[in-house]
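# Coordinate analysis (summary)
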Amino acid sequence: MNRWLLSVLWFPVACYGGLWDFGQPVTVTGASLAPHYHHLSGSGRRHLAAAERHVALVWEDDRTGSPQVYAAIKRLPDPGFRLTFQLSSGTEAYEPAIVSIADTRWVVAWEQDGEILVSLLTPEAHTRPLSLSSGPGRQVTLAADGAGQVAAIWAKRQGRKQRLVAADLLVRDRELAVSAELIVTPDDASHFQSFPAAAYTSKGELFVAWEDRRAGHTRLYGSLREAGSAFRPAIQLNEHREPAAMENYLENTGTGVMRVSVASGRDGLVEAVWLDKRNPGSGYAVWGGRSRDGGYQFGENVRVQDTMGEAVAQWHASVISFGGGLIAAWDDARENWSDAKEVGDVFLSWRTDGGWSDDWPVPGASGDGYQGSPVMAIDMSGDLHLAWIEKATLTAPSRLRYSHGIRKILSR
C-alpha cells in the first residue's frame, strides 16, 4: 500500500487534492515586452507573508538594469496585486525577506551594497530603511511570532570568517528600532556560516539553523535562544555519512547539504527541511528533521519527497506550518521523463505523525515550461498562498506568478 493511500486512510484531511482549491494563477510582474529576470532565493525562503486582509510578496529583479528589491501587496479579495514598491535605492540589492506583524504591517529586510537594511511596510508606504549591520552583511532572514517578537539574522564578515549575528526588531506603531547585534554561536571555531533560517517556537524561543563549514564541508547546525538570553551551544541537524574507502574522490567531503528552511508548530514542534545529496547519482533530494522539544534536540532524518522523485534533483525546498501540520514545497523535473517540455514543476507534500504524503503537483504551477522557486504563506483562515517563478525554458526571461488556494472543509 503506498504512502498516499495510507495518508488518506489515517489522515483524511491530508489529501492535498481535496485540501485547497487553487484558482487560475495571476501574474505579479514580468508581463511586459522588455525581458528581465526574477529571483526568489533569499535565505530561509521568506518571500511571502499573509496579514489579516492582505498578502505581500518581496523579490529581486533587474528591470532597471541592475538588481533591485521590490514588494507587491494584494488585498485578499482582489484578483491581483495592485500595489508595487521599489524598496531598495542603492547600486545593487539582493535576497529580501518578509514577515507579517499585526494590523496589516510587514517587516522587510534585504542586502544592499554590502549592508543589511530593514523597513516597515504597509499597504500605503514603507518607512525609510534602517541599517542593521555594523559591517559587511549578507543573506538576511527574518522570524516573527505573531505576538510582537521579530528578529533578523544574517551572515556578517569578520576578517576571513563569516559568522551569523542576530538582532531583535522592535516595532512601535509606524517606527522600527533595532537592538544590539548578538553572535549566534560565540563559542565555536567555525570559519564560515551562511544561509540562516529561523522560526520562533511555541514557547516564544528563537531557533536558528544554518550551513556550517567547520568540518571542512557543509553541515547543518541549529541553535536555540531562550527569551532574554544568549544562544545555546549549536547542535547538528543532518546525519552525516563519511565517504567509504573506495570513494577517494569524495574524501573529506561527506554528504552534501544546503539551503535549510525551518518552521514551528504546536507543543514544541520544530521542523527543518533542506536539500541533501545522500544519493550523488540523482542530485539533491528533500530531507528533513524534527524536534519535539522546541529545538533542543532533533530526531532522525527522513526523506520528504516520494519515490517518484528519486531519479531527479529537487530544488528550492521550504517548509511552513499551519493548523496542526506542516507543508513542504519545492520544484523538480520528474515529468520531463514523459514530456520534454516540462522542465520544472512545483510540488507540495504534507507531514503528520504518520509521515510525509506522496507529492502533489500544484495546478497552475505545473505543466509546460519551468515553474519553480516556490514560496508559501498561510493566512488566518487556513488558505495557502503560493508564488513562484515561471519561464518558457530554463534560460528564458521570467515572470512572477501567484495563486490563492482556498481551504476546503472536509469531513473525516
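Only a predicted model underlies this, so the values are computations on that prediction, with no experimental measurement involved. For every chain, the first residue of its written sequence is number 1, and the numbers climb from 1 along that sequence. At least 70 in pLDDT is required for a residue's local features to be given in this predicted model, at least 80 for side-chain atom pairs to be given and counted, and no such filter applies to totals for whole chains, interfaces and linings, which use all residues. Note that the side-chain values use all heavy atoms of the structure and ignore hydrogens as well as water.

## A short note on the overall build of the protein chain
Counting from the N terminus, the helices are DSSP H or I runs at least four residues long and the strands are E runs at least two residues long. In terms of helices and strands, the protein chain carries 2 helices and 32 strands. Radius of gyration: C-alpha atoms only; globule rule: 2.2 Å multiplied by the number of residues to the exponent 0.38. Computed over its C-alpha atoms, the radius of gyration of the protein chain comes to 20 Å, within 12% of the 22 Å expected for a compact globule of 412 residues. Based on the C-alpha atoms only, the size of the protein chain along its principal axes is roughly 55 × 55 × 45 Å. Partly exposed residues are those whose accessible area sits between 20% and 50% of the maximum for their type, while under 20% is buried and over 50% is exposed, using a 1.4 Å probe and protein chains only. Counting every position in the protein chain, which comprises 412 residues, the buried fraction comes to 57%. To measure how exposed things are, a 1.4 Å probe is used in the Shrake-Rupley method; for residues, cover is taken only from the protein chains shown. For the protein chain, the exposed surface amounts to about 17400 Å²; the carbon and sulfur share of it is 51%.

## What about the pairing of strand S10 (residues 115-121)?
For a regular strand, side-chain orientation follows a simple rule: the groups alternate between the two sheet faces. Most of S10 is tucked away: 6 of the 7 residues are buried. Where strand S9 (residues 105-112) and S10 come together, 7 bridges link them in antiparallel fashion. Among the inter-strand pairings, Ala 109 is bridged to a residue of S10, identified as Val 118. Where S9 folds back onto S10 in an antiparallel hairpin, the turn is made up of 2 residues, including Asp 113, whose phi is positive at roughly 50°. Any two strands with at least two DSSP-identified bridges between them are counted as paired. Direction of pairing for S10 relative to strand S11 (residues 130-131): antiparallel, over a ladder of 2 bridges.

## Topic: the layout of surface pockets
Reported here for the largest pocket is a volume of approximately 1200 Å³. Around the largest pocket, the lining is made up of 46 residues, and of these Ser 100, Ala 144, Asp 145, Gly 146 and Ile 378 lie nearest the centre. When contributions to the lining of the largest pocket are tallied by element, the ones reaching two or more residues are strand S4 (48-50), strand S8 (93-101), strand S12 (137-144), strand S17 (193-200), strand S21 (256-264), strand S25 (314-322) and strand S30 (369-378). Residue contributions to the lining of the largest pocket peak at 5 residues, all from S25. Charged means Asp, Glu, Lys or Arg here, nonpolar means Ala, Val, Leu, Ile, Met, Phe, Trp, Tyr, Cys or Pro, and polar covers whatever is left, Gly included. In terms of residue class, the lining of the largest pocket is built from 26 nonpolar, 13 polar and 7 charged. Cavity and pocket criteria rest on a 1 Å grid covering protein atoms alone: a 1.4 Å probe that fits but cannot get out defines a cavity, protein on both sides within 12 Å along at least 5 of 7 lines defines an open pocket, and an atom within 4 Å of a point defines a lining residue. Grid points are joined across faces, edges and corners, and a volume is the space filled by probe spheres set on the points.

## A few points about the environment of Asp 78
Looking at the element boundaries, Asp 78 is found in the loop between strand S6 (68-75) and strand S7 (83-86). When the C-alpha atoms of Asp 78 and Gly 367 are compared, they prove to be 26 Å apart, with 289 residues separating the residues in sequence.

## Comments concerning the packing of aromatic side chains
Stacked, edge-to-face and tilted labels apply to pairs of Phe, Tyr and Trp rings (six-membered ring for Trp) whose centres lie within 6.5 Å, assigned for plane angles under 30 degrees, over 60, and everything in between, in that order. Evaluation of the coordinates by the stated rule reveals 8 aromatic pairs. Members of the aromatic cluster, each reached through a chain of ring pairs, are Trp 20, Phe 322 and Trp 350. The criterion for a charge sitting over a ring is simple: Lys NZ or Arg CZ within 6 Å of the ring centre, and within 35 degrees of the ring normal. A cation over an aromatic ring shows up here: Arg 63 above the ring of Tyr 70, its NZ or CZ 4.0 Å from the ring centre. Across from the ring centre of Phe 195, 3.6 Å away, lies the NZ or CZ of Arg 259, which sits over that ring.

## Comments concerning the pairing of strand S18 (residues 206-212)
The buried count for S18 comes to 7 of 7 residues, which makes it a mostly enclosed element. Neither face of S18 is exposed, since Leu 206, Val 208, Trp 210 and Asp 212 on one face and Phe 207, Ala 209 and Glu 211 on the opposite face are all buried. With 6 bridges connecting them, S17 and S18 associate as antiparallel partners. Following the sheet pairing, Ala 199 is matched in S18 by Phe 207.

## Considerations on unusual backbone geometry
One non-glycine residue, Arg 45, lies in the positive phi region at around 60°. Within the secondary structure, Arg 45 sits in the loop between strand S3 (38-39) and S4. The exposure class assigned to Arg 45 is buried, which follows from its relative accessible area of 11%.

## Thoughts on the sheet that holds S18
Read from one edge to the other, the open sheet built from 4 strands follows the order S17-S18-S19-S20, with strand pairing classed as antiparallel. In the strand order of this sheet, the two ends are held by S17 and strand S20 (235-236), each with one partner.

## Quick word on the confidence of the model for the protein chain
Regions with low pLDDT carry predicted coordinates that are not meant to be interpreted in detail. The predictor attaches a confidence to each residue, called pLDDT, with possible values from 0 through 100. On average, residues of the protein chain score 87 in pLDDT, and 90% of them reach the 70 mark or higher. The secondary-structure element of the protein chain with the lowest mean pLDDT is helix H1 (residues 3-10), recorded at 30, while strand S5 (residues 54-61) shows the highest, at 97. Note on contacts: a residue pair is in contact if any heavy atoms of the two residues lie within 4.5 Å. Segment residues 1-16: pLDDT under 50, and 35 contacts once partners within four positions in sequence are set aside and those in other chains are kept. Scored below 50 in pLDDT, residues 248-253 makes 8 contacts in the model with residues more than four places away or belonging to other chains.

## Re the pattern of salt bridges
Definition used for salt bridges: Asp or Glu carboxyl oxygen within 4 Å of a side-chain nitrogen of Lys or Arg. Counted by the stated rule, this structure contains 17 salt bridges. Where Arg 63 meets Asp 61, a salt bridge forms, and the shortest distance between an N and an O atom there is 2.8 Å. Exposure remark for Arg 63: the relative accessible area of 36% places this residue in the partly exposed category. With relative accessibility at 0%, the residue Asp 61 sits in the buried group. Here Glu 390 and Arg 399 are joined by a salt bridge, their closest N and O atoms 2.6 Å apart. When salt bridges that share partners are traced, they join Asp 306, Asp 332, Arg 334 and Asp 359 into one network.

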